[in-house]
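Summary of the model geometry
Listed below, chain by chain, are the residues.
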Amino acid sequence: MKTACATLLLLLACTAQAQVPESGRAQELLYSAAEVDAGMEERYIDRTVDLAAAGKLDEDRALLARLRYISAELIRVAIELKPEAAQWQWEVHTTSDTEVDAICMAGGKILVGSGFVHQLALTDGELATLLAHEVAHAVAEHHRETFSEAMLVNRLPAVPLDVVMARLDSDLSLQIRLSKLSSLQESEADHLGMVLAHRAGWSAEDIVSFYRKLAEGEQSALISGAYPANASRLSMARGMARLFGD
């Protein structure tokens with residue numbers, strides 16, 4: 001118990017007060033950015049290695065080229081919002097694994113499902129909107145916030161980051177307790193992603209078109225679970241388009 005209390009006190013002493021870019025929402029971040037980035041990079045490496053071994057990594061070279069071209073400008077804009085992102089080791093890969101739609105892990109590790117992109121027949125502007133949503137998660141440090149919140153809701157005993165990550169994978173009750181935060185983060189990534197896409201030069205029409213396609217594709221994993229209702233996402237996109245004035 002003494003060890004657990006000492007660990008908790010150390011974590012609380014190291015708590016960082018942060019704000020999400022654009023929205024200004026306050027965050028309490030118990031784990032360091034470096035620790036979270038390292039943990040997520042290890043997972044990303046494991047996943048891409050497994051996909052490569054299965055022959056499911058970067059087979060679609062044309063899509064990979066599109067992703068890397070589009071993401072370059074989004075990353076530039078992301079760095080303007082969050083200067084420390086310039087130090088991240090950004091990576092972009094694609095996979096034919098049907099369980100993957102799109103993810104961006106802490107530290108700028110992007111993985112996009114080719115089947116998902118082709119299913120929705122995404123144009124470059126729509127693909128940019130998808131990527132911008134994922135980049136927004138990294139810019140807003142949503143993984144770091146989720147791990148920190150998981151630590152807080154568990155109270156004692158204090159545990160290392162790798163233990164929290166493992167619990168989040170397997171503990172349904174913990175996932176449920178964090179579902180409100182997850183939903184908030186998804187809405188936030190929608191909003192911030194639209195800002196990133198617009199500042200990167202993509203039109204409001206592209207943004208609205210992407211969310212319209214999601215609203216029409218009920219079976220998509222990207223619009224289920226913690227994600228807001230499709231109608232709400234499309235409504236937000238239309239509202240942002242009016243603000244952008246395109």
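For every chain, the first residue of its written sequence is number 1, and the numbers climb from 1 along that sequence. The predicted origin of the model limits local features to residues at a pLDDT of at least 70 and limits the giving and counting of side-chain atom pairs to 80 or more, whereas totals for whole chains, interfaces and linings rest on all residues. With hydrogens and water excluded, all non-hydrogen atoms of the structure serve as input to the side-chain values.

As annotated in an unreviewed UniProt entry, the protein chain is M48 family metalloprotease from Duganella dendranthematis.

Each helix is a run of H or I in the DSSP string that is no shorter than four residues. Each strand is a run of E no shorter than two, and both are numbered from the N terminus. Relative to the elements of secondary structure, K109 occurs in strand β5 (residues 109–113). The buried category is assigned to K109, whose relative accessible area is 3%. Pairing of N or O atoms within 3.5 Å defines a polar contact, subject to two protein rules: one partner must be a possible hydrogen donor and the other a possible acceptor, and residues neighboring in sequence count only if both atoms are side-chain atoms. At a separation of 2.6 Å, a polar atom in the side chain of K109 contacts the main-chain carbonyl oxygen of Q89. A polar side-chain atom of K109 sits 3.1 Å from a polar atom in the side chain of E91. Contacts between residues were defined by any pair of non-hydrogen atoms, one from each residue, lying within 4.5 Å. Setting aside anything within four residues of it in sequence, one finds K109 in contact with E41, Y44, Q89, E91, I103 and C104. Exposure categories follow from relative accessible area, calculated using a 1.4 Å probe and restricted to protein chains: below 20% of the type maximum is buried, above 50% is exposed, and the middle band is partly exposed.

Salt bridges are defined by distance alone: a side-chain nitrogen of Lys or Arg within 4 Å of a carboxyl oxygen of Asp or Glu. Across all of its chains, the model carries 14 salt bridges by this definition. A salt bridge links R25 to E145, with the nearest nitrogen and oxygen atoms 2.7 Å apart. Of this pair, R25 sits in the loop between β1 (16–19) and β2 (26–29) while E145 sits in helix α6 (residues 142–154); the two residues are 120 residues apart in sequence, bridging distant segments of the chain. The residues R25 and E145 share a single accessibility class, namely buried. A salt bridge links D190 to R233, with the nearest nitrogen and oxygen atoms 2.7 Å apart. Remark: R233 occurs in helix α11 (residues 230–244) and D190 occurs in helix α9 (residues 179–199); sequence separation between them is 43 residues. Accessibility assignment for this pair places D190 and R233 in one class, buried.

Turning our eyes to something else, we now look at α6. The terminal C-alpha atoms of α6 lie 18 Å apart, and with 13 residues this matches the ideal 18 Å at 1.5 Å per residue to within 8%. Among the residues of α6, those classed as buried are H142, R144, E145, T146, F147, S148, A150, M151 and V153. To estimate how far a helix should reach, multiply one less than its number of residues by 1.5 Å.

Below, the discussion takes up the packing of α6 against helix α7 (residues 161–170). Put simply, α6 and α7 touch, their axes get as near as 10 Å, and they point 90 degrees apart. Here α6 is positioned roughly perpendicular relative to α7, judged by the angle of their axes. In this structure, α6 contributes T146, F147, A150 and N154 to the contact, and α7 contributes L161, V164, M165, R167 and L168. Lines fitted to the C-alpha atoms define the axes, with helices restricted to the stretch that makes contact. Angles between their N-to-C directions range from 0 to 180 degrees. Roughly parallel means an angle under 35 degrees; roughly antiparallel, over 145; roughly perpendicular, 65 to 115; everything else is oblique.

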